[in-house]
Structures are given as C-alpha cells and as structure tokens.
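Residues per chain, in single letters:
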Amino acid sequence: QVELQESGGGLALPGGSLRLTCQGSSPIFDYHALGWFRQAPGKEIEAVSCISKGGGMTEYVDSVKGRFTITRDNTKNVFSLQMSSLKPEDTATYFCAAYYNLEGNCVMTPARFTSWGRGTQVTVSS
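Here goes a summary of the coordinates provided. (Residues numbered from 1 in each chain as written. Predicted model: local features only at pLDDT ≥ 70, side-chain atom pairs only at ≥ 80, totals over all residues. Heavy atoms only, no water.)

### Re the packing of aromatic side chains
Move 1: All told, the structure shown has eight aromatic pairs when counted by the stated rule.
Move 2: Relative to Tyr 100, the ring of Tyr 31 lies with its centre 6.5 Å away and its plane at 35 degrees, an arrangement referred to as tilted. In this pair, Tyr 31 sits in the loop between β3 (18-24) and β4 (32-39) while Tyr 100 sits in strand β9 (residues 92-100), placing the two residues 69 residues apart along the sequence.
Move 3: On the basis of relative accessibility, which here comes to 46%, the residue Tyr 31 falls in the partly exposed class.
Move 4: Centroid distance Trp 36 to Phe 79: 5.3 Å. Interplanar angle 50 degrees. Geometry classified as tilted. Of this pair, Trp 36 sits in strand β4 while Phe 79 sits in strand β8 (residues 78-83); the two residues are 43 residues apart in sequence, bridging distant segments of the chain. As far as burial versus exposure is concerned, Trp 36 and Phe 79 are alike and both buried.
Move 5: The rings of Phe 37, Phe 95, Tyr 99, Phe 113 and Trp 116 are connected pair by pair, giving a single aromatic cluster. (Phe/Tyr/Trp six-rings, centres within 6.5 Å; stacked < 30°, edge-to-face > 60°. Helix = DSSP H or I, 4+ residues; strand = E, 2+ residues; numbered from the N terminus. Buried < 20%, exposed > 50% of the residue type's maximum accessible area, 1.4 Å probe, protein only.)

And the structure:
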C-alpha cells in the first residue's frame, strides 16, 4: 500500500472552485491507478474520477463531467481534483485512493482500491 493524504477542502459558494490534492508517500505511487471518491451524509460512497498510472486515461462520473478535472504529477507523487462550477450537491467528504495497476487503465470501483486517504470535507453553500 501507499500512504495518501488529502488537502484543499473547505467552504465554497455555488459556482465557485476548489482544488483538492492528494500526497502520496513514495515512488511506488507511479504504479498505481488513482481515484477520487466522495460520500455525502447518509449516502453511499460514490466514485467521482480516476486516472491511470501514466495519466493517459481518465474517467468521470456523469454529474461532474465538464466541471471537474483529475491530474497527476508522478515526479511529486501528487494528484489533484480541480473542481469548478461547484453545486450544493457536491457537498461531501472527498477521499483519494489508489490501487496497484498492471494494465495501465483505471476502474471506478471502490472495492478495487486498496489505499485510502482519511478524507477532506467539501461544503458548497450560500
């Protein structure tokens, strides 16, 4: 496993932006597919986005397409989720996660991910 830690959460107005970052612990980060997940109060965890270990493949849940962008910088063991045009329904605890990947793809299935951060709160409200 690789240790992960999220940062960048906070309060935003509807239509505003936030950038979440996830810091990995070692170069083994390079061999992992990465993902962002979120969990709103009283709801099940939801996959938001993922990115392949080389960055060539990305996936997004339909509700965030065109608004969120996932990127990674393997030289710094960091990946990010740039969130724009935020909506109240984006309010949730956001988790970064990773799994060791041989294929070079990414799959937005929570059970596939073996390393998880502790979460960062995002609140979108007037």
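After that view of the structure, there is still more to cover.
### Digging into the pattern of salt bridges
Should their charged atoms come close, side chains of opposite charge can pair.
Move 1: Per the counting criterion, the structure on display carries five salt bridges.
Move 2: A salt bridge links Glu 46 to Arg 38, with the nearest nitrogen and oxygen atoms 2.8 Å apart.
Move 3: For Arg 112, the salt bridge is made with Glu 103, and the minimal N-O distance between the two is 3.9 Å.
Move 4: Owing to a relative accessible area of 35%, Arg 112 belongs among the partly exposed residues under this scheme.
Move 5: Residues joined by salt bridges that share partners form a network here, namely Arg 38, Glu 46, Arg 67 and Asp 90. (Salt bridge = Lys/Arg side-chain N within 4 Å of Asp/Glu carboxyl O.)

### So, the environment of Glu 103
Move 1: With respect to the helices, strands and loops of the structure, Glu 103 is situated in the loop between β9 and β10 (115-116).
Move 2: Take Glu 103: its relative accessible area is 56%, and that puts it in the exposed class.
Move 3: Here the alpha-carbon distance between Glu 103 and Thr 69, two residues 34 residues apart in the chain, equals 22 Å.
Move 4: A distance of 3.1 Å separates polar atoms of two side chains, one belonging to Glu 103 and the other to Asn 101. (Polar contact = N/O pair within 3.5 Å; in protein donor to acceptor, adjacent residues only side chain to side chain.)

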